[in-house]
Amino acid sequence: MMALLLFNDNPRDVLMIGLGGGTIAKFMLHQFPDCRLKVVEFRSSVLKVARSHFGLPFNPRLKIKIGCGADHVRHQSRELSEIHDLIMVDAYDDNGMAPEVGSERFFDDCRNLLKKDGVLVINLWGTDKPMFQQVSWHLGRIFNWRMLYLPVRNRGNIIGFAFGENFPKPQFKSLIAKANDLERQYQLEFPVFLQDFKRNNPSILHRVLKP
């Protein structure tokens, strides 16, 4: 999911739907000192485990709410708009993704809360084909097909990226140098991510990147 740094390398106001072990939240807090995170996690037990077993810190820049992510974005979008430059969705339990978080209404609310040049990133199970197709259709309609997919190598996950209407389209060549810089900085395989973007999005790459 951190391939998002190719498109936003200095996130400032982040909404996370789903906490998991807290690894991404810890990474964001550590690497981006000006970043503020709002996390909505459905299960209080997940937060307890993240605190006790995975070292999720108490930090004034990290606000965690126990509740339904779909309810949160619905209520927020009634009062606010364009408040997050990054929205990350990783909302799974033992039975898969909650239907509410894969609905068209949910992504419409997310778009309202996302800045016009912002990015939404979502973790999908490619092995759940009906859910994947449903979410892909909703994302495409809501974000006018400004989207890319990044399959996780040797896993069943596919990471989806959707872009706001004023997202500045970077040139693919400029991202090559950026990917190399990010790899040196974070020890993550950004050049591989970039090549996989190109390989897996031949018909829609032009909607997000310049040749």
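Being a predicted model, the structure only gives us computed values, none of them experimental.

## Comments concerning the overall build of the protein
- Summing up its helical and strand segments, the protein has 7 helices and 9 strands in all.
- Taken over C-alpha atoms, the radius of gyration comes to 16 Å for the protein, in line with the 17 Å a tight globule of 211 residues would show.
- Seen through its C-alpha atoms, the protein measures out along the principal axes to roughly 45 × 35 × 35 Å.
- The burial tally for the protein puts 48% of its 211 residues in the buried class.
- Element-wise, carbon and sulfur atoms account for 50% of the exposed surface of the protein, whose accessible area totals about 10700 Å².
- With 29 positive and 22 negative side-chain charges, the protein shows a spacing of 3 Å between the two charge centroids.

## Concerning helix α3 (residues 69-79)
- For α3, every residue scored as buried is listed here: G69, A70, H72, V73 and S77. Around the axis of α3, the buried residues are gathered within 155° of arc, so they sit on the same side. Pointing more than 90 degrees away from the buried face of α3 are the exposed residues R78 and E79.

## Structural notes on the sheet that holds strand β8 (residues 147-151)
- Pairing is mixed in the open sheet, where 7 strands are placed in the order β3-β2-β1-β4-β7-β9-β8. Across the chains shown, the open sheet's two edge strands, defined by having one partner strand only, are β3 (62-66) and β8. Each strand of the sheet is rotated relative to its neighbour by a mean of 15°, with strand direction disregarded.
- The pairing of strand β1 (residues 13-17) with strand β4 (residues 84-89) spans 4 bridges and is classified as parallel. Within the sheet, the bridge partner assigned to V14 lies in β4 and is L86.
- Most of the contacts of helix α4 (residues 104-113) go to strand β7 (residues 114-125), to which it runs at about 145°, and overall it touches β1, β4 and β7.
- The sheet strands contacting helix α7 (residues 190-200) are β8 and β9 (157-163), and the helix crosses β8 at an angle near 115°.

## Some details on the environment of R141
- Inspection of the secondary structure assignment puts R141 in helix α5 (residues 129-142).
- Linking R141 and D108, residues 33 residues apart in sequence, is a C-alpha distance of 9.3 Å.

## So, the packing of aromatic side chains
- Per the counting criterion, the structure on display carries 14 aromatic pairs.
- Measuring from ring centre to ring centre gives 5.5 Å for F132 and Y149, while their planes differ by 55°; the resulting arrangement is tilted. With F132 in helix α5 and Y149 in strand β8, this pair connects stretches of sequence that are 17 residues apart.
- What makes F132 buried here is its relative accessible area of 18%.
- Pairwise contacts between aromatic rings join F7, F161, F163, F167 and F197 into one cluster.

Parameters and conventions
- Residues numbered from 1 in each chain as written.
- Predicted model: local features only at pLDDT ≥ 70, side-chain atom pairs only at ≥ 80, totals over all residues.
- Heavy atoms only, no water.
- Helix = DSSP H or I, 4+ residues; strand = E, 2+ residues; numbered from the N terminus.
- Rg over C-alpha atoms; globule rule 2.2 N^0.38 Å.
- Buried < 20%, exposed > 50% of the residue type's maximum accessible area, 1.4 Å probe, protein only.
- Areas by Shrake-Rupley, 256 points an atom, 1.4 Å probe, with all protein chains shown as cover.
- Lys, Arg positive; Asp, Glu negative; His and termini not counted.
- Charge placed at Lys NZ, Arg CZ, Asp CG, Glu CD.
- Arc of directions from axis to C-beta.
- Pairing = 2+ DSSP bridges.
- Axes fitted to C-alpha atoms, helices over the stretch in contact; angles between N-to-C directions.
- Contact = heavy atoms within 4.5 Å.
- Phe/Tyr/Trp six-rings, centres within 6.5 Å; stacked < 30°, edge-to-face > 60°.

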